[in-house]
2 protein chains.
Amino acid sequence: MATIALDAMGGDEGTATAVLAAAELSLAQDAGIIIVGDQAKIDPVLKRARYDGGYLSVQHASEFVGMDESPKEALRSKPDASILVGARLVAEGSADALVSAGNTGACILACAKHFQTLPGVPRTALAAVFPTELRRGVKDDPFSLILDVGATLTADADTLVAFAQMGSAYASCISNNPSPKVALLSNGEEPYKGLPEIVAANAILSQDPRINFIGNIEGVDLTRGRADVVVTSGFTGNVVLKMLEGMSETVIDLAKYAYRSKLTWRAGLMMLRGGLLQLKEVTDWRQYGGAPILGFDHLCIKAHGRSNQRALANAIKVAHKGVRNDLCGRISALLEERSDEA
Amino acid sequence: MATIALDAMGGDEGTATAVLAAAELSLAQDAGIIIVGDQAKIDPVLKRARYDGGYLSVQHASEFVGMDESPKEALRSKPDASILVGARLVAEGSADALVSAGNTGACILACAKHFQTLPGVPRTALAAVFPTELRRGVKDDPFSLILDVGATLTADADTLVAFAQMGSAYASCISNNPSPKVALLSNGEEPYKGLPEIVAANAILSQDPRINFIGNIEGVDLTRGRADVVVTSGFTGNVVLKMLEGMSETVIDLAKYAYRSKLTWRAGLMMLRGGLLQLKEVTDWRQYGGAPILGFDHLCIKAHGRSNQRALANAIKVAHKGVRNDLCGRISALLEERSDEA
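Note that the structure is predicted; figures quoted are calculated from it, not measured. (Residues numbered from 1 in each chain as written. Chains lettered and ligands numbered in written order. Predicted model: local features only at pLDDT ≥ 70, side-chain atom pairs only at ≥ 80, totals over all residues.)

Student: Quick one: what's the story with the sheet that holds strand S8 (residues 212-217) of chain A, residue by residue and with numbers?
Tutor: Residue and element names in this part refer to chain A. Taking strand neighbours across the sheet as the criterion, the 11 strands line up as S3-S2-S1-S4-S11-S10-S5-S6-S9-S7-S8 in an open arrangement whose pairing is mixed. Two strands in the sheet have a free side with no partner beyond their single neighbour: strand S3 (56-60) and S8. Ignoring strand direction, the axes of neighbouring strands in this sheet form an average angle of 25°. Pairing of strand S10 (residues 291-294) with strand S11 (residues 299-302) involves 3 bridges; the strand directions are antiparallel. Paired with Ile293 across the bridge in S11 is Cys300. Running at roughly 165° to strand S9 (residues 229-231), helix H6 (residues 157-174) makes contact with strand S5 (125-131), strand S6 (143-147), strand S7 (181-185), S8, S9 and S10 of the sheet. (Pairing = 2+ DSSP bridges. Helix = DSSP H or I, 4+ residues; strand = E, 2+ residues; numbered from the N terminus. Axes fitted to C-alpha atoms, helices over the stretch in contact; angles between N-to-C directions. Contact = placed C-beta atoms within 7 Å.)

This is the structure:
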């Protein structure tokens, strides 16, 4: 049985939300879950919750890293922080993967401290899922993956190639898409367009038969969902991801504006309510289940800070799926092969 | 009287559209316009149009650069291309600014060939206007300027600083905003966040009393309209601009999807028609009047390839306003001062 370590301390929604997500999942008797955090806060919640003790345990951690703390300093001064304890449990083999809704930087640094970078991985990556136009094709869901979104600001050609391999492995493990379409984000579709590292990565990926590389895509192609996996540097990925967050906000603002402006518009909006709820659903970060940190010998899923119980449960399920499908083993095989060639 | 040279050959909408835009504007007896292009195509349109011959003339050019041609090769093999002839007219003093809806690369290269880069400008920039949330503040319109969007892919700190100065000068000349808010696009608001060149540019701009620098903004702030002038490298700017283009497309797609899906949704959309038309208006590139190429001793406005008659007329008006308000002189003063300091 796979076991997931859940950092119960970091998220905006508090410890109870994390504990309840774990308790609920334990009843499915699927994966084991270790709740990591302040026992004095966890126990009272557990006492009132329904859960299966055969699939749930608690590991006390006396400290935690706040959302606004400097990750580096916090980890240095708090050796018993829940995120560090969780990562250690995984590194020691007591758990198979880590899930946290806490401070993103602390999460990445805790992994870097306790996990090993896989051979052939120049830099680890933080990936994120974003909504695209609704499609019903080979891939039966309206989401794409983008990486890196901020673990490393600049990426050379080798790093971009590794991101492409890791993203492809993740998408095929998690979204049941055997051949996800992988693309480089650039300023033009032509293979000679882009920063020098993108042009070089394009040349390498075009020759790789193991991934479904479709070439360069442009900004306009992101929400169209042309690629299942979008590869870019952490700087550009971060700007893009935050723009996508702003997009759904703008749609909602426009709707509010229309609602206030005119009686017929308001009536129209009422009639469109189902459609807007569906849109909200699609652009709701809480359902996605979190962003994987890729390139280590163990999987870590970073759930959104604002994750509710459902989102945290989804993140645990995604981590479990990654373990079950041996995501890290697949990445390792892809990248070792590549470093053998080089 | 200021005179604008209009390249009538390059746009997607054809020569007649450009000629009719010029003819219409000539009746306002405001700026002079020289239509540059194939006289055999221009004359028949003029013959049927109303125009004021005192404000309109034609300069024959036997060749032109197509949208899909390689700019470098086309300019080399076509010395009498309309965009080159137009730029020459400006350089020689027969006209004061250039407007074209043609091949963007050819437009920039033609300026580089005939114009002088202003002292203190490390790299010229292509700027673009994009729609933001509706606001009624100091700045009374829902648009912001972003530069560079593709003239130069990477930008060092000095280049970013020059972009900030040029963008600020342009916004204050054209949108009547005496103190436009200028920001650097980065992966975090904190001044220490971002690529090294962004951190360095932030430090320089923070010390500059001549512009209203508000620091770093993130992707989510773009459509919120937090900054009037957004400064970034050409690579990131290009990705961002194309994402913004995709955004309005996505909203329209979602509306179409809702329209097809359900009878009540369709009825709701009919009632929202006025609102959607207003949205379409705001996201309609044709009304913006084009993107300035900044950093040369003469102004060039690159209108969108799909510009219709109204958009071309707006582009000419913007060029005229830039000349009237001595945009290039203002940029020159700002940047010379800066290079004096250095």
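Further notes follow.
Student: Would you mind going over the sheet that holds strand S4 (residues 97-100) of chain B in detail, with residue names and values included?
Tutor: Two strands in a sheet stick together by hydrogen bonds in their backbones, pointing the same way (parallel) or opposite ways (antiparallel). Residues and elements named next belong to chain B. What the 11 strands build is an open sheet, ordered S3-S2-S1-S4-S11-S10-S5-S6-S9-S7-S8; its pairing is mixed. The open sheet is flanked by strand S3 (56-60) and strand S8 (212-217), the only strands paired with a single partner. Looking at each pair of strands side by side, their axes are set apart by 25° on average, direction ignored. In this structure, strand S7 (residues 181-185) lies alongside strand S9 (residues 229-231), joined through 3 bridges in parallel fashion. Bridging across to S9, Val182 finds its partner in Val229. Against the sheet, helix H5 (residues 104-114) touches S4, strand S5 (125-131), strand S10 (291-294) and strand S11 (299-302), its axis set at about 175° to S11.

Student: Lay out the nonpolar core in plain terms, naming residues and giving numbers.
Tutor: Counting residues in each nonpolar core, the largest one holds 222 residues, and the members touching the most others are Leu6 of chain A together with Leu6 of chain B. In contact with Leu6 of chain A, other than residues within four places in its own chain, are Ala18, Ala22, Ile33, Ile34, Ile35, Val36, Val99 and Ile316 of chain A. (Core = buried A, V, L, I, M, F, W, Y, C linked by C-beta atoms within 7 Å. Buried ≥ 20, exposed ≤ 12 C-beta atoms within 10 Å, placed from the backbone.)

Student: For the pairing of S5 of chain B, give the residues involved together with the corresponding values.
Tutor: All names here are of chain B. With 7 of 7 residues buried, S5 lies mostly within the body of the structure. Burial of S5 is two-sided: the residues Ala125, Ala127, Val129 and Pro131 facing one way and the residues Leu126, Ala128 and Phe130 facing the other way are all buried. In this sheet, S10 lies alongside S5 in antiparallel orientation, the contact comprising 2 bridges. Looking at the pairing, Ala125 lines up with Leu294 of S10. Alignment of S5 against strand S6 (residues 143-147), held across 5 bridges, turns out to be antiparallel. What sits directly across from Pro131, in S6, is Phe143.

Student: Lay out the pairing of S3 of chain B with the relevant residues and their values.
Tutor: Every other side chain in a regular strand lies on the same face of the sheet, so the side chains alternate between the two faces. Residue and element names in this part refer to chain B. In terms of strand pairing, strand S2 (residues 32-37) meets S3 through 5 bridges, oriented parallel. If you follow Ile35 over to S3, its bridge partner there is Val58. In the classification by handedness, the crossover that spans S2, the intervening helix H2 (residues 39-48) and the parallel S3 is right-handed. (Right-handed = clockwise from strand over helix to strand, strands pointing away.)

Student: Describe in detail unusual backbone geometry, supporting the description with residues and values.
Tutor: Residue and element names in this part refer to chain A. Cis peptide bonds are those with omega within 30 degrees of zero, and the linkage from Leu147 to Asp148 qualifies with -5°. Look at Asp326: it is not a glycine, yet its phi comes out positive at around 50°. The residue Asp326 is located in the loop between helix H12 (309-324) and helix H13 (327-341) in this model. Judged by the 14 C-beta atoms lying within 10 Å of it, Asp326 is partly exposed.

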